[in-house]
Amino acid sequence: MFAEAISWAVTQLHTANLNACSDPADLNTPGVWVVPATSARRTLDQAAREVTLTVYLVTGSTATPAILDSLDNLAAAVDTVLTLGDLEAVTLSLPNHNLSGLPAYRSTTTVTVT
């Protein structure tokens, strides 16, 4: 269920020409890292599940004004493909990336898996 939802979300982001992945080691910045969240529930018809995913919008930029511009532009692009929840500014330490961390926004999106 989570794997199918993540695969769908990553495919939608690729279709919009955005870098996206489910493995942080494969992330190209600016890009989107999609991971499972803790919520999955059946819809009213019991034939599908609504799956909530955590979405990290990550930039490789380290200059303060450029960070915000890059993240805001990425959020606007992602929001045309996936419906994002609230954005929270975070710093991520990811494999194969800047050891001091990368600036990012964390959000969620919900998809229906049949």
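Note that the structure is predicted; figures quoted are calculated from it, not measured. (Residues numbered from 1 in each chain as written. Predicted model: local features only at pLDDT ≥ 70, side-chain atom pairs only at ≥ 80, totals over all residues. Heavy atoms only, no water.)

1. What about the nonpolar core?
One recurring pattern in soluble globular proteins: nonpolar side chains tend to sit buried together. Counting residues in hydrophobic clusters, the biggest one holds 23 residues, and the most contacted among them are Leu13, Val32, Val34, Leu53, Leu57 and Val78. Looking at this core, the elements that each hand over two or more residues are α1 (2–15), β2 (31–42), β3 (49–58), α2 (64–79) and β5 (102–113). With near-sequence residues (within four places) excluded, leucine 53 lies in contact with Phe2, Ala5, Ile6, Ala9, Val34, Val35, Pro36, Ala37, Ser107, Thr108, Thr109 and Val111. Ranked by size, the runner-up nonpolar core spans eleven residues in total, among them Trp33, Val35, Tyr56 and Ala104. (Core = buried A, V, L, I, M, F, W, Y, C linked by side-chain atoms within 4.5 Å. Buried < 20%, exposed > 50% of the residue type's maximum accessible area, 1.4 Å probe, protein only. Helix = DSSP H or I, 4+ residues; strand = E, 2+ residues; numbered from the N terminus. Contact = heavy atoms within 4.5 Å.)

2. Brief notes about unusual backbone geometry
Cis geometry is found at the peptide bond from threonine 29 to proline 30, where omega equals -5°. Assignment of secondary structure puts proline 30 in the loop between β1 (20–21) and β2. Phi at asparagine 17 is positive, roughly 60°, even though this residue is not glycine.

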